[in-house]
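# Per-entry structural report
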Amino acid sequence: MRFRHARAAWADRAKRHTKDSTDSGTGGSGTGTPGTGRSGTARRAVLVGGAVGLGGAVVGYGLTRTGDASAKAPTAGPAPVSGRPAVQGRRALLMQVLAHPDDDLYFMNPDTQYALAAGTPLVCVYVTAGEADGVNKTPGLPPPPADKNAYSSARHQGLRQSYASQLGLPIFTRWNESSLALPGGHRAELNTLEHEGRRIELIHLDLAMHTPFRQMGVPALWRQTGLRLATVVPDGSPVQRVRSYDHEDLLDVLVGLFEHYRPTLVHTLDPDPDIQVSDRLARIRDSEQPGYSDHADHTAVASFTWAALARWARTSGPDGPPEFSTVAYRAYYNRHWPDNLPRAVLTPKAAHLVPYGGSPEWNCGNEAGCGDYNVGGDRPLRNRKRWVRSTHYRHPGPRLALTETADGRLTAYGVLGMRAVRWQEGADGTFGEPSDLGGGPLAPTLGSAVLDDGRLLLLGLRFASVQGLGGADTREIVLLEQRAPGGAFKAWTGLGNPEGVDADRGRRIGVPVAVTAPDGRVHLFVRNADQGISTRVRETGGVWSPWRNLGGGQVQDGLTAVVGADGEVHVYAPGREDVHHWTPEGPSPVPGMKSGPRVPADAIAVADGHLYFRPPASPALLAPAGGAVSFPGYGPVVAAGAHLLGRALDGRLRLVHGTTGRHTTSTTDSLDGFVLHGSPRRGPVAAGLTPEGRPWLWRPDPSPEASGTPGTPARKV
């Protein structure tokens, strides 16, 4: 659709369907009351990682510190390895926790749309009412009188219009609207729509965006003790009474929703946005909080979500943590970095905002309004903030780490339920059940390195504490070391934080990557708060050096560390205007890079001395030392030998032979964070996680006769 005609086209569709819209909802309000009220969670401490709050004191596991006396000790140690099977999910369900109506459309698509198209049930939880100043502005017209209840209702209607269209239904299709009982006597508006086996539930908690003293509401609720935040009652809502939440109320409600729906995949926002220095006028213009590259509501809602997820995982039962994956999305961060969506992906993403924006001329059946009138048409594409033009993850990189045994079988390591788990390949070529390796609560991406003796090191970014209310909010890098090749593991140990004792700066670090040098030393790298990189080095005797800032940057997270053909360690990362490169000594010119376009939109893939990346807003894949590769798509690719794995423009995974252009396409629905392993015995092997939280293996047929045809379906548990 051409965007200058988008609004007119939607308006025309709206008029056609005004009179003949039918109720495609299924009725009902779910399968019961989420959670069991406040008594069910017993006002547990927000501290995560196995600790318990006692009258303000903190009790936690002991933690072995490893060669970093300057690092601040965390309040609780990583969860120990249990070795038990993890709880197995039976069906996929995606739950998104948002601050405002439209956060999902701007920041989480196209991922949400692909999951929905694949048949994954979707539950969206909107924490605030989105009422702002109550003025539903229409470009080119005088602003109407402020009416917060009406504006909130109009934004709810806009979401219904957008998601109806995403299900392939008329935008004014009637939804089932009901009141959902929540823990602690709270209630939420529940909108439900089902079509051809696909189901969407929109849950509106409707907390006010501001306190009576004009503070931002949810950020104040995260920070301040003794505060209660009222709800907004949108016009026409089935919830008719104003209620109020305190800090624990919101945590209890989120945990109750997780317990009730038991999602296998959770989308949320960024709890730790980058430091962004700007003056007051720039912050107001860019809608960013002082000092950081995001809206304060996004950060606070993400913090509540991660704390609730950790609580749910820790208290879920004796059989281990629930099986879910988590993806945190950057938001206003997008405007500070190159666009990463080509037009073929951007166009349908932006189109979903057209019915959300609606128009005051539409007859949608909601007297309070038919959308958020300042959004829609081509305005998201014209907006100087450019939020819609990218989809970025807070914790990028491969979600799985793969190792190969002597007989060619694979072992995969990843994060489920915020804990590390291990899957082992069986004789039938599929992964068995995951075994729990503890370490939680972890970010969803693991780093790894194999020692010279064959033992594995796993590295993670751990939420050492997520307290709020003025308490600790710290992150640390943690390590799990294997006792013997292919065997059991030692206890988790802490490697500290490159930002030392500064907890606020320490929240801004990235996920760890590591590589073993030819001399047997392991080099660990982490993006730091200044958006350069820091390193620690493990000597062959097992002792780690102190953290050292290598400088350089500024770069996005998603580091790539390799040993080059010269036998030296190299690190690559995407910057704003160039590819950045380090050796263990510091920043260095990129070896072998020819002149020409070299602005990367996402992480850099490296194999056999060749670099690969996509330029901004382009489907092309560049190999700067040797020209372009025939692989139209979007997002980062991963490389092994002459093979490349990434997403085609339709979102499906494709394996491409970089020199011949032969390709095969997978039919598997996969999360981002897939990995490609170059097996000497069995050729290229791809692996990743499905929305069910199950691992898949794909050994595609890269032969010439298979070129352009669907590959062998990936096998999963």
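Below: a short report on this structure.

What counts, and where the lines are drawn
Residues numbered from 1 in each chain as written. Predicted model: local features only at pLDDT ≥ 70, side-chain atom pairs only at ≥ 80, totals over all residues. Heavy atoms only, no water. Helix = DSSP H or I, 4+ residues; strand = E, 2+ residues; numbered from the N terminus. Buried < 20%, exposed > 50% of the residue type's maximum accessible area, 1.4 Å probe, protein only. Areas by Shrake-Rupley, 256 points an atom, 1.4 Å probe, with all protein chains shown as cover. 1 Å grid on protein atoms, 1.4 Å probe; cavity = no way out; pocket = protein on both sides within 12 Å on 5 of 7 lines; lining within 4 Å. Points joined across faces, edges and corners; volume = space filled by probe spheres on them. Nonpolar A, V, L, I, M, F, W, Y, C, P; charged D, E, K, R; others polar. Polar contact = N/O pair within 3.5 Å; in protein donor to acceptor, adjacent residues only side chain to side chain. Contact = heavy atoms within 4.5 Å. Disulfide = S-S within 2.5 Å. Phe/Tyr/Trp six-rings, centres within 6.5 Å; stacked < 30°, edge-to-face > 60°. Lys NZ or Arg CZ within 6 Å of the ring centre and 35° of its normal. Pairing = 2+ DSSP bridges.

### What to know about the overall build of the protein
Along its length, the protein carries 13 helices and 41 strands. The buried share among the 717 residues of the protein stands at 61%. Per element, the accessible surface of the protein, about 25600 Å² overall, is 52% carbon and sulfur.

### Details of the layout of surface pockets
Reported here for the second largest pocket is a volume of approximately 1100 Å³. Contributing elements (two or more residues each) for the lining of the second largest pocket: helix H3 (103-108), helix H5 (148-166), helix H8 (280-286), helix H9 (296-314) and helix H12 (379-382). Its residues assigned to classes, the lining of the second largest pocket comprises 14 nonpolar, 8 polar and 13 charged.

### Let's talk about the side chain of Asn340
Note on placement: Asn340 falls in the loop between strand E12 (325-329) and helix H10 (343-351). Using a relative accessible area of 5% as the deciding quantity, one classes Asn340 as buried. A distance of 3.0 Å separates a polar atom in the side chain of Asn340 from the backbone oxygen of Thr391. Looking at Asn340, its side chain comes within polar contact range of the side chain of Asp602, at 3.2 Å. With sequence-adjacent residues up to four places away left out, Asn340 is seen in contact with Arg389, Ser390, Thr391, His392, Ala601, Asp602, Ala617 and Gly635.

### Brief notes about the state of the cysteines
Scanning all chains against the criterion turns up 1 disulfide. Shown here is the disulfide that connects Cys364 with Cys370, its sulfur atoms set 2.1 Å apart. The sign of the S-S torsion, about -85 degrees, decides the handedness of the disulfide formed by Cys364 and Cys370: left-handed. Accessibility expressed as a relative area gives 12% for Cys364, which makes it buried. Classification of Cys370 by relative accessible area gives buried; the value is 4%.

### A word on the packing of aromatic side chains
Within this structure, the stated rule accounts for 13 aromatic pairs. Note on Tyr413 and Phe489: the rings are 6.1 Å apart at their centroids and 85 degrees apart in plane angle, and the pair reads as edge-to-face. Here Tyr413, found in strand E14 (residues 410-416), pairs with Phe489, found in the loop between strand E19 (473-481) and strand E20 (493-494); they are 76 residues apart in sequence, far enough to count as distant. Judged on exposure class, the residue Tyr413 and its partner Phe489 are both buried. Here the aromatic residues Tyr106, Phe107, Tyr332 and Trp387 are joined through ring pairs into a cluster of three or more. The ring centre of Tyr333 lies 4.1 Å from the NZ or CZ of Arg330, which sits over that ring.

### Considerations on the sheet that holds strand E27 (residues 579-583)
Taken together, the 4 strands give an open sheet; going across it, the order is E25-E26-E27-E28, and neighbouring strands pair in antiparallel fashion. Every interior strand has two partners, whereas the edge strands, strand E25 (560-563) and strand E28 (586-587), have only one. Where strand E26 (residues 569-574) and E27 come together, 4 bridges link them in antiparallel fashion. Across the sheet, the residue bridging to Val571 is Trp582, located in E27.

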